[in-house]
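Descriptive analysis of the structure
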Amino acid sequence: MTRVTVWNENRHEQKNPVVSEIYPNGIHGAIAEFLQTDNVEVRTATLDEPEHGLTEEVLQNTDVLVWWGHLAHHEVQDEIVKKVQQRVLEGMGLIVLHSGHFSKIFKVLMGTSCDLKWREADEKERLWVVDPSHPIAEGIGEYIELEKEEMYGEHFDIPAPDELVFTSWFEGGEIFRSGCTFKRGNGKIFYFRPGHETYPTYHNEQVQQVIKNAVKYVKPADRKRPVYGNAQPLETISAK
């Protein structure tokens with residue numbers, strides 16, 4: 001059983017009726033609903049809950065954390081960010097969605113500004129599969145086409161991804177590295193670009209399939225984290 005926590009700041013849903021109409025149970029609720037299966041146990045957490053819903057108990061019982069944020073990155077407590085970072089280094093998987101590229105946790109784990117170009121113009125997006133053998137692309141054709149999305153454009157200020165699974169093309173001409181994997185410590189991270197709050201992107205079955213695949217990919221390996229620090233020799237060291 002894979003234990004997933006879907007985190008969302010849940011602010012757009014309270015302020016914008018367009019968003020609440022598309023996602024009546026919140027973006028977190030929509031994602032949690034399609035992730036819930038016999039093999040996946042899902043809970044949700046939001047910004048305004050105590051400790052942002054990410055208590056020590058929740059984090060210790062989370063195999064994969066899905067993160068969506070936008071308006072209130074600055075309100076996330078640094079102490080909670082450190083706890084999430086530590087859990088990723090210990091092996092917890094992290095999936096960062098759309099505007100989560102500017103979240104404190106993604107910036108900390110990337111070590112860069114994570115900045116990019118953007119534009120809201122109701123333009124078509126094609127997410128091309130550039131690594132067809134990758135498990136995150138399983139069940140996806142040559143591309144995913146979204147009729148309307150927010151544009152993100154290069155340069156995307158991130159470290160070179162360990163693996164690039166999707167590259168987006170936008171109607172206005174820009175391209176973007178929109179499906180990237182990274183390893184940090186024992187943990188795996190997947191950044192997935194689409195998901196602007198005023199479009200029904202998370203109702204798209206192919207987008208849902210990518211996120212489902214990503215949960216399987218980033219979930220922790222069944223092993224203990226390596227031991228660090230001063231180590232005793234495994235063999236007898238001959239005195240010189």
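Summary of the structure given here. Since this is a predicted model, take the numbers as computed values, not measurements. (Residues numbered from 1 in each chain as written. Predicted model: local features only at pLDDT ≥ 70, side-chain atom pairs only at ≥ 80, totals over all residues. Heavy atoms only, no water.)

1. Some details on the overall build of the protein chain
When helices and strands are tallied, the protein chain shows 7 helices and 9 strands. C-alpha atoms of the protein chain, sized along the principal axes, occupy 70 × 40 × 35 Å. Across the protein chain, contacts joining residues at least 24 apart in sequence account for 72% of those joining residues at least 6 apart. Of the roughly 11,900 Å² that the protein chain leaves accessible, carbon and sulfur atoms contribute 48%. Distance from the positive charge centre (26 side chains) to the negative charge centre (38 side chains) of the protein chain: 7 Å. (Helix = DSSP H or I, 4+ residues; strand = E, 2+ residues; numbered from the N terminus. Contact = heavy atoms within 4.5 Å. Areas by Shrake-Rupley, 256 points an atom, 1.4 Å probe, with all protein chains shown as cover. Lys, Arg positive; Asp, Glu negative; His and termini not counted. Charge placed at Lys NZ, Arg CZ, Asp CG, Glu CD.)

2. Considerations on the sheet that holds strand β1 (residues 2–8)
The strands making up a sheet associate through backbone hydrogen bonding, with each pair oriented either parallel or antiparallel. With mixed pairing, the 9 strands of this open sheet are ordered in space as β2-β1-β3-β4-β9-β8-β7-β5-β6. The two strands at the open ends of the sheet, each matched to only one other strand, are β2 (40–46) and β6 (143–153). Strand after strand, the sheet turns through a mean of 25° between neighbouring axes, direction not considered. In the sheet, strand β5 (residues 117–129) pairs with strand β7 (residues 163–170) via 5 bridges, with the strands oriented antiparallel. Each residue of the ladder has a partner; that of Leu127, found in β7, is Ser168. Set on the sheet, helix α5 (residues 78–90) makes contact with β3 (64–68), β4 (93–97), β8 (175–184) and β9 (187–192); between it and β9 the angle comes to about 115°. Taken strand by strand, helix α7 (residues 205–218) contacts β1, β3, β4, β6, β7, β8 and β9, and its axis lies near 165° from that of β9. (Pairing = 2+ DSSP bridges. Axes fitted to C-alpha atoms, helices over the stretch in contact; angles between N-to-C directions.)

3. Some details on the pattern of salt bridges
The final tally for this structure, using the stated rule, is 14 salt bridges. For the salt bridge of Asp48 with Arg11, the shortest nitrogen-to-oxygen distance reads 2.7 Å. Within this pair, whereas Asp48 is found in the loop between β2 and α4 (56–60), its partner Arg11 is found in the loop between β1 and α1 (12–15), the two being separated by 37 residues in sequence. Given a relative accessible area of 14%, Arg11 falls into the buried group. Lys83 is the partner of Glu79 in a salt bridge, and the nearest nitrogen-oxygen pair spans 3.9 Å. Here Glu79 pairs with Lys83, and both are found in helix α5, just 4 residues apart, close to one helical turn. Judged by its relative accessible area of 49%, Glu79 falls in the partly exposed class. By sharing partners, the salt bridges in this structure join Arg11, Asp48 and Glu75 into a single network. (Salt bridge = Lys/Arg side-chain N within 4 Å of Asp/Glu carboxyl O. Buried < 20%, exposed > 50% of the residue type's maximum accessible area, 1.4 Å probe, protein only.)

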